[in-house]
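Summary of the model geometry
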Protein chains: 2
Amino acid sequence: MTLSARALAGIPEVRPGDDLARLLADAAGSDLRDGDVMVVAHKVVSKAEGRLRALAEIAPGGEARGLATAHGKDPRQIQAVLDESAEVLRAARGVLICVTPHGFVCANAGVDASNAPDGCLVLLPEDPDASARQLRAGLRERTGARLGVLVTDSFGRAWRHGQAEVAIGCAGLAPLEDWRGRPDAEGRELRATWIAVADQAAAAADLVRTKDSGEPAVVLRGLERFVTEEDGPGAAALLRPEAEDLFR
Amino acid sequence: MTLSARALAGIPEVRPGDDLARLLADAAGSDLRDGDVMVVAHKVVSKAEGRLRALAEIAPGGEARGLATAHGKDPRQIQAVLDESAEVLRAARGVLICVTPHGFVCANAGVDASNAPDGCLVLLPEDPDASARQLRAGLRERTGARLGVLVTDSFGRAWRHGQAEVAIGCAGLAPLEDWRGRPDAEGRELRATWIAVADQAAAAADLVRTKDSGEPAVVLRGLERFVTEEDGPGAAALLRPEAEDLFR
């Protein structure tokens, strides 16, 4: 089996209101097929959806000012993080580890000033699974191809250094492949094999983008067996409820 | 930029004492180049290194018997897990979450009966970074190619469902790419971008293997920029010390 990943060149700076599906279809040209997976860094999705906040328009409250002082940060940025958080788990070394309203656990609730317009913060999409579904429909309309679509972000991990790209939105791709109870090569039951396909696809795509390249989209070919007719359960299916989580 | 991943067909069942570098070189044929990355599922590495335990030869102690009764498991298997653990963090739903002597946090200390010889358990390699270095040297000798080599396993994650393949051994590949302090596309500092290259490469490779395919090795092409002359710090560099870990 083979997999290929190629970064799409020529996507212009994305602005609020832009038709991102059209920009992606134009950048991909005629080379999109049924079963390809379009992996899009959330930042351009957020920009197209207007999920930006101007620092100048943020009035930090008392909690944000306190945290900003304690951690040497801009209180307006902290206020934006608090506004995007359902819960703050920890605050240390200038980073807040937050649970977002979607249920993601990540640094600063995904609020980021890098690769953002001047004086602005980029927020996570309000509903990244809906964003993925919408992009999928738009890409199908424009290209005729039945694709899987992932919206991704880089998350830090427990126990391990560094960040890995994960799926925060997913449409038309099975987010998990369940081998639990299926036999291994010698016919024995594979006990605990439940593969985070969407996260692994996000990670694969990240390897062909450099963070300063301005190449927010990658086409993966070779994952046809995971691409579905239905939009499916989305990246929400990847969230592990606390009661089932032995790893945190 | 592009990346390709292809699973190597034709690797026979690996047995203790087998020359794994030779088996991998034979399976790859003439199509290996400087800068390719050979990703090998740890299970064949462990088998070649004789890191197997026969269940019949394990005498479970009191702790193992107690855990086995509480969790409905084979006490000999639990004893093997305890023997491979520096610390058991949690025991629930038939799974022990362990810290291995290497410092990895994973289910059952990586001890696994699936895809194992009959009546045997497969353990993690004793020193997976050394295994990767040895494979790298062996592959260079046989093919002339300066490769990166990863030894991988599937780990569960905190906060998210499913398992993702990660690097437990690494040679000749930069395990992490550090963009912290480097500028983004608009010249602003990228604050927290520290990319777990080796784990993302492990995940990419996993997408072309099915768990019952008997294809334990994958060649990645397109990561030349991360492949180094030196063997480098290995996967040990991916371990996040508890004091620095905000995500657990």
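So, here is what we can say about the structure in this document. (Residues numbered from 1 in each chain as written. Chains lettered and ligands numbered in written order. Predicted model: local features only at pLDDT ≥ 70, side-chain atom pairs only at ≥ 80, totals over all residues. Heavy atoms only, no water.)

**Some thoughts on helix α6 (residues 197-206) of chain B**
Short version of the rule: Remark: exposure states derive from per-residue accessible area (1.4 Å probe, protein chains only) relative to the maximum for the residue type, with buried under 20%, exposed over 50%, and partly exposed in between. Counting from the N terminus, the helices are the DSSP runs of H or I reaching at least four residues and the strands are the DSSP runs of E reaching at least two.
Taking burial as the measure, the ten residues of α6 of chain B include ten buried ones, the bulk of the element. Among the residues making up α6 of chain B, those that are buried are V197, A198, D199, Q200, A201, A202, A203, A204, A205 and D206 of chain B.

**Some details on the packing of aromatic side chains**
All names here are of chain A. Threshold: Geometry of aromatic contacts follows a simple scheme: Phe, Tyr and Trp rings, the Trp one being its six-membered ring, pair when their centres are within 6.5 Å, and the pair is stacked under 30 degrees between planes, edge-to-face over 60, tilted otherwise.
If you walk through the whole model with that rule in mind, you get two aromatic pairs over all chains. With a centroid separation of 6.0 Å and 65° between ring planes, the pair formed by F104 and F155 is classed as edge-to-face. With F104 in the loop between β5 (95-99) and β6 (105-107) and F155 in strand β8 (residues 148-156), this residue pair connects regions lying 51 residues apart in the sequence. The residues F104 and F155 share a single accessibility class, namely buried.

**Details of the side chain of D199 of chain B**
Our working definition: Whenever two N or O atoms come within 3.5 Å, that pair is a polar contact, provided that in protein one can donate a hydrogen and the other can accept it, and provided that, for residues adjacent in sequence, both atoms are side-chain atoms. We call two residues in contact when some of their heavy atoms are within 4.5 Å.
If you trace the backbone, D199 of chain B turns up in helix α6. Side-chain polar atoms of D199 of chain B contact the side chain of R160 of chain A, separated by 2.8 Å. In this structure D199 of chain B touches R157 and R160 of chain A together with E165, V166, A167 and L238 of chain B, once residues within four positions along its chain are discounted.

**Here's the deal with the environment of D178 of chain A**
Residues and elements named next belong to chain A. For D178, the location among the structural elements is in strand β10 (residues 177-178). For the pair D178 and V197, spaced 19 residues apart in the sequence, the C-alpha separation amounts to 9.8 Å. Once residues within four sequence positions are removed from consideration, D178 is found in contact with T193 and W194.

**With respect to the interface of chain A and chain B**
Note the following rule: Buried surface area refers to the total accessible area, computed with a probe of radius 1.4 Å, that the two partners give up upon joining, counted for both partners together. Salt bridges are identified by distance alone: a Lys or Arg side-chain nitrogen within 4 Å of an Asp or Glu carboxyl oxygen.
Chain A puts 80 residues into the contact, and the matching count from chain B is 80 residues. Between chain A and chain B lies a buried interface of about 7,200 Å² when both sides are counted; carbon and sulfur atoms form 56% of it. Contact with chain B buries area across many residues of chain A, yet W159, H161 and L207 of chain A alone supply 13% of it, more than any other trio. Put simply, chain A and chain B have four salt bridges between them. Here R157 of chain A ties to D199 of chain B by a salt bridge, and the two come within 2.7 Å at their closest N and O atoms. For the interface between chain A and chain B, the tally reads 36 residue pairs in polar contact (both at pLDDT 80 or more). Every element with two or more residues in the side of chain A that touches chain B is listed here: β1 (2-7), β4 (87-92), β5, β6, β8, β9 (163-171), β11 (194-195) and α6 (197-206) of chain A.

**Describing unusual backbone geometry**
It is generally the case that most residues other than glycine have a negative phi and that most peptide bonds are trans. Residue and element names in this part refer to chain A. Positive phi outside glycine occurs at A109, with the angle close to 55°. Mapped onto the elements of the fold, A109 is located in the loop between β6 and β7 (120-122). We classify A109 as buried; its relative accessible area is 1%. Even without being a glycine, N115 presents a positive backbone phi close to 50°. For N115, the position within the fold is in the loop between β6 and β7.

**Here's the deal with the pairing of β9 of chain A**
All names here are of chain A. The condition that has to hold: Strands are treated as partners if at least two bridges between them are detected by DSSP.
Among the nine residues in β9, nine count as buried, and that is most of the element. Alignment of β8 against β9, held across eight bridges, turns out to be antiparallel. From the neighbouring strand, S154 faces β9, where its bridge partner is E165. Here β8 folds back onto β9 in antiparallel fashion, the turn holding six residues, of which W159 has a positive phi close to 75°.

**Comments concerning the relation of the copies chain A and chain B**
As a reminder, the rule being used: For the least-squares superposition of copies, only C-alpha atoms count, and only for residues with pLDDT at least 70 in both.
Taken as rigid bodies, chain A and chain B are interconverted by a rotation of 180° and an axial shift of 0.0 Å, the fit giving an RMSD of 0.0 Å. A rotation of that kind, with that shift, is consistent with a two-fold axis. Counting the interface residues of chain A, we find that 100% of their copies in chain B are interface residues as well, pointing to one common contact surface.

**Some details on the sheet that holds strand β6 (residues 105-107) of chain B**
Residues and elements named next belong to chain B. This is how the line gets drawn: Interaxial angles span 0 to 180 degrees and are taken between N-to-C directions of axes, which are lines fitted to C-alpha atoms, for helices over the stretch in contact.
Spatially, β4-β5-β6 is the arrangement adopted by the three strands of the open sheet, whose pairing is antiparallel. Because the sheet does not close on itself, it has two edges, and the strands there are β4 (87-92) and β6. Here the strands of the sheet are splayed against their neighbours by 20° on average, with no regard to which way each runs. As paired elements, strand β5 (residues 95-99) and β6 share three bridges and run antiparallel to each other. The partner of V99 across the bridge, within β6, is V105.

**Observations regarding the pairing of β4 of chain A**
Residues and elements named next belong to chain A. Where β4 lies against β5, five bridges are found, and the strand directions are antiparallel. Within β5, the residue paired with V88 across the bridge is C98. The hairpin formed by β4 and β5 contains two residues between the paired strands, and R93 there has a positive phi angle of roughly 50°.

**What about empty space enclosed by the protein?**
For the record, the criterion: Here a cavity denotes grid points, spaced 1 Å and computed from the protein atoms alone, that fit a 1.4 Å probe unable to get out, and a pocket denotes an open set having protein on both sides within 12 Å along at least 5 of 7 lines; residues with an atom within 4 Å of a point are the lining. Grid points are joined across faces, edges and corners, and a volume is the space filled by probe spheres set on the points. Each residue gets one of three labels, nonpolar for Ala, Val, Leu, Ile, Met, Phe, Trp, Tyr, Cys and Pro, charged for Asp, Glu, Lys and Arg, and polar for the others, Gly among them.
Throughout the structure, instances matching the rule amount to four cavities of 30 Å³ or more. In this structure, the largest cavity is lined by 31 residues; those nearest its centre are R157, A164 and V166 of chain A together with R157 and R160 of chain B. At the level of secondary structure, the elements contributing two or more residues to the lining of the largest cavity comprise β8, β9 and α6 of chain A together with β8 (148-156), β9 (163-171) and α6 of chain B. Counted as a void, the second largest cavity has a volume near 50 Å³. Taken together, K73, Q77, I78, V81, G94, L96 and N108 of chain B make up the full set of residues lining the second largest cavity. Classifying every residue of the lining of the second largest cavity gives three nonpolar, three polar and one charged.

None of the figures reported here should be taken as evidence of function without further support.
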